[in-house]
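Each chain, written out:
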Amino acid sequence: MTPEDTATLAAAKLASLTILGGRDKGGALETLDLTLRPGDVVCVVGPTGSGKSRLLADIECLAQADTPSGRRILVDGAPPDARRRWATVGKLVAQLSQNMNFVVDLPVAEFVAMHADCRMVADGDRVVADVIACANALAGERFHADVSLTQLSGGQTRALMIADTALLSASPVVLIDEIENAGIDRKRALDLLVSQDKITLVSTHDPILALLGHRRIVVANGSVADVIETSAEETESRAHLERIDAVLMALRQHVRGGGRIEALPAAFSTFASAMATDEPFPWTR
Amino acid sequence: MRVITVAGPPSVGKTAVVLKTAAHLAAAGLRVGVVKFDSLSTQDDAAYARAGLDVSVGLAGNVCPDHFFVSNIDDCLTWARARGHDTLVAESAGLCNRCAPHIKGALAICVVDTLSGIHTPRKIGPMLKLADVVVITKGDIVSQAEREVFAFNVRKANPRAVVVAFNGITGQGAGELAFHMAQAAGFETLEGQHLRYPMPSAVCPYCVGETAIGEDHQRGNVRKMAFAGDGS
């Protein structure tokens, strides 16, 4: 067994990842000692340019006070030595972002089988079927195993990427840059990653997605300003937001089908006029 | 003088990789000089100069770029020493897949990009197979699954290389590559050192300027194709 294989095994059995604070953009100390464990879903929120990507990049390269933030990342409670750090990097973290596409022109099943081969999975055919079934459960519209990867819709592509990452990627940590709110069941996608014992970090501006996390990290001016546990009240808020969202999604389908929107549910006008007052929003009070 | 060869197919992002990594090396106190080899023209020297890196350009012109490289690499070392550098990065573009500029004992880096297709690692010859470090770029725009398959195919083509995932825009991976580059072996001179892979023995009239097509002009080292079916 090569040192790389050992590192892969070690990475796959990761028990915890700890992020220790560095400095913000002004040089002020960042108070942070956050430990993530398999099955955790943590959202990362903050304005554009606040340092969300830096935080994810620090995790990805297992920063040891040698990135602009000065943060340190501990693996299973200890800093990895240089050799192990670089042998582990690249295998520790799987990444998914809206900018990613499938570029290989192969049928879905053939490509997933190729990925399974790389992982030397024993029961390849079953795993391929599982990945495709999981992706179809996440995607709004079903797709067939024989369709070409490049012909999948945006939602189907994202669903397949998440299912494949959950079931076939060796990486114990998954970094996701936003999951668009169309053509994919986001709650189910995160549940799938949790069921595979991944540590999942999601960078997002979307309130529903943010509330789907167990915790969320608030980034401002290059450092972590707060770590919020998602409360029972917030989970309840999410349920309301999801209902509003479902209506908007239904409207979207309707517009897609060439429909007109001349009549809205009565509750909508009540809601709209309530929102149109000069009263501050309840969450600003 | 640390000597590092960086090679790869055109447009994979070799210059971006060297630029981002050189920043880390400079921060660690290394004095990096870059020689950019290309075939016909390059604008990359301007990019290096903008980044404050000392750069010299070698254009092969009508000479085979691999031959041009090997005839000049020791002079590059002399240049770098005269300029007060302790690390020489020789970036070669315009090489064909048949050859490699890699030198025995000197850190050899091959840069490939995931967009080039998952079978590409198999198609690139000694440039990749004999490298110490294979840098994979443009992973940020393809799926995680394709990245993993691509990296797997790189390992199959070259099991002993260290594989580094690199984002040429954000510089992700530069810290790791800098770690490997800082450990590159040093040389007083490259005189007497050897390439890791021999140059092609093909010398034919086309090497020296022939342009006419036809049997009469095919002399010297000629190989004819075998065609599928009855097409011959």
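Residues numbered from 1 in each chain as written. Chains lettered and ligands numbered in written order. Predicted model: local features only at pLDDT ≥ 70, side-chain atom pairs only at ≥ 80, totals over all residues. Heavy atoms only, no water.

**Let's talk about the pattern of salt bridges**
Residues and elements named next belong to chain A.
Right, so step 1: Applying the stated criterion across every chain, the model contains 21 salt bridges over all chains.
Right, so step 2: The salt bridge partner of Glu 180 is Arg 158, with a shortest N-O separation of 3.3 Å. Taken together, the residues Glu 180 in the loop between strand 6 (173-177) and helix 7 (186-195) and Arg 158 in helix 6 (residues 154-168) connect sequence positions 22 residues apart.
Right, so step 3: By relative accessible area, Glu 180 is classed as partly exposed at 24%. (Salt bridge = Lys/Arg side-chain N within 4 Å of Asp/Glu carboxyl O. Helix = DSSP H or I, 4+ residues; strand = E, 2+ residues; numbered from the N terminus. Buried < 20%, exposed > 50% of the residue type's maximum accessible area, 1.4 Å probe, protein only.)

**Some words on the side chain of Thr 5 of chain B**
Residue and element names in this part refer to chain B.
Right, so step 1: Here Thr 5 shows up in strand 1 (residues 2-7).
Right, so step 2: A polar side-chain atom of Thr 5 sits 2.9 Å from a polar atom in the side chain of His 102.
Right, so step 3: Excluding residues that lie within four positions of it along the chain, Thr 5 makes contacts with Phe 69, Ala 90, Pro 101, His 102, Ile 103, Leu 107, Ala 108 and Ile 109. (Polar contact = N/O pair within 3.5 Å; in protein donor to acceptor, adjacent residues only side chain to side chain. Contact = heavy atoms within 4.5 Å.)

**Details of the packing of helix 1 (residues 14-27) of chain B against helix 7 (residues 174-182) of chain B**
Residues and elements named next belong to chain B.
Right, so step 1: Relative to each other, helix 1 and helix 7 sit at 70 degrees, their axes nearing to 8 Å. It follows from the interaxial angle that helix 1 and helix 7 lie roughly perpendicular. Here Val 17, Lys 20, Thr 21, His 24 and Leu 25 of helix 1 come into contact with helix 7, specifically with Ala 174, Gly 175, Leu 177, Ala 178, Met 181 and Ala 182.
Right, so step 2: Looking at the contact of helix 1 with helix 7, its residues break down into seven nonpolar, three polar and one charged. (Axes fitted to C-alpha atoms, helices over the stretch in contact; angles between N-to-C directions. Parallel < 35°, antiparallel > 145°, perpendicular 65-115°, else oblique. Nonpolar A, V, L, I, M, F, W, Y, C, P; charged D, E, K, R; others polar.)

**Points about the packing of helix 5 (residues 124-138) of chain A against helix 6 of chain A**
Helix-helix packing is characterised by the crossing angle of the two axes and by the distance between the axes.
All names here are of chain A.
Right, so step 1: Running from N to C, helix 5 and helix 6 point in directions that differ by 135 degrees, and their axes come no closer than 8 Å. With respect to helix 6, the element helix 5 is oriented oblique. Between helix 5 and helix 6 lies a crossing of right-handed hand. Two secondary-structure elements touch here, helix 5 through Val 127, Asp 130, Val 131, Cys 134, Ala 135 and Leu 138 and helix 6 through Ala 159, Leu 160, Ile 162, Ala 163, Asp 164, Leu 167 and Leu 168.
Right, so step 2: Of the residues assigned to the contact of helix 5 with helix 6, the class counts are 11 nonpolar, no polar and two charged. (Left-handed = near helix turned anticlockwise from the far one by under 90°.)

**Overview of the interface of chain A and chain B**
Right, so step 1: Facing the 34 residues of chain A at the interface are 22 residues of chain B.
Right, so step 2: In total, about 2100 Å² of surface goes out of reach between chain A and chain B, with carbon and sulfur atoms giving 60% of it.
Right, so step 3: A per-residue breakdown of the area chain A buries against chain B is headed by Trp 86, Val 103 and Cys 118 of chain A, which together make up 26% of the total.
Right, so step 4: Counting across the chain A and chain B interface gives zero salt bridges.
Right, so step 5: Counting across the interface, chain A meets chain B through 10 residue pairs in polar contact (both at pLDDT 80 or more). (Buried area = accessible area lost by both parts, 1.4 Å probe.)

**Some points on the domain arrangement of chain A**
Right, so step 1: Taken as a whole, chain A is organised into domain 1 (94-170) and domain 2 (232-285).
Right, so step 2: On a C-alpha basis, the centroid separation for the pair domain 1 of chain A and domain 2 of chain A is 34 Å. (Domains from an automatic or database assignment.)

**Regarding the packing of aromatic side chains**
Right, so step 1: Tallied over the full model, the rule gives four aromatic pairs over all chains.
Right, so step 2: On the numbers, 6.2 Å between centres and 70 degrees between planes, the contact of Phe 102 of chain A with Phe 111 of chain A is edge-to-face. Judged on exposure class, the residue Phe 102 of chain A and its partner Phe 111 of chain A are both buried.
Right, so step 3: Plain terms: the ring middles of Phe 37 of chain B and Phe 68 of chain B are 5.9 Å apart, the flat faces sit at 80 degrees to each other, and that makes the pair edge-to-face. Note that Phe 37 of chain B is positioned in strand 2 (residues 32-38) and Phe 68 of chain B in helix 3 (residues 65-82), a separation of 31 residues in sequence. Assigned by exposure class, Phe 37 of chain B and Phe 68 of chain B land together as buried.
Right, so step 4: Aromatic ring contacts, followed pair by pair, group Phe 37, Phe 68 and Phe 69 of chain B into a single cluster. (Phe/Tyr/Trp six-rings, centres within 6.5 Å; stacked < 30°, edge-to-face > 60°.)

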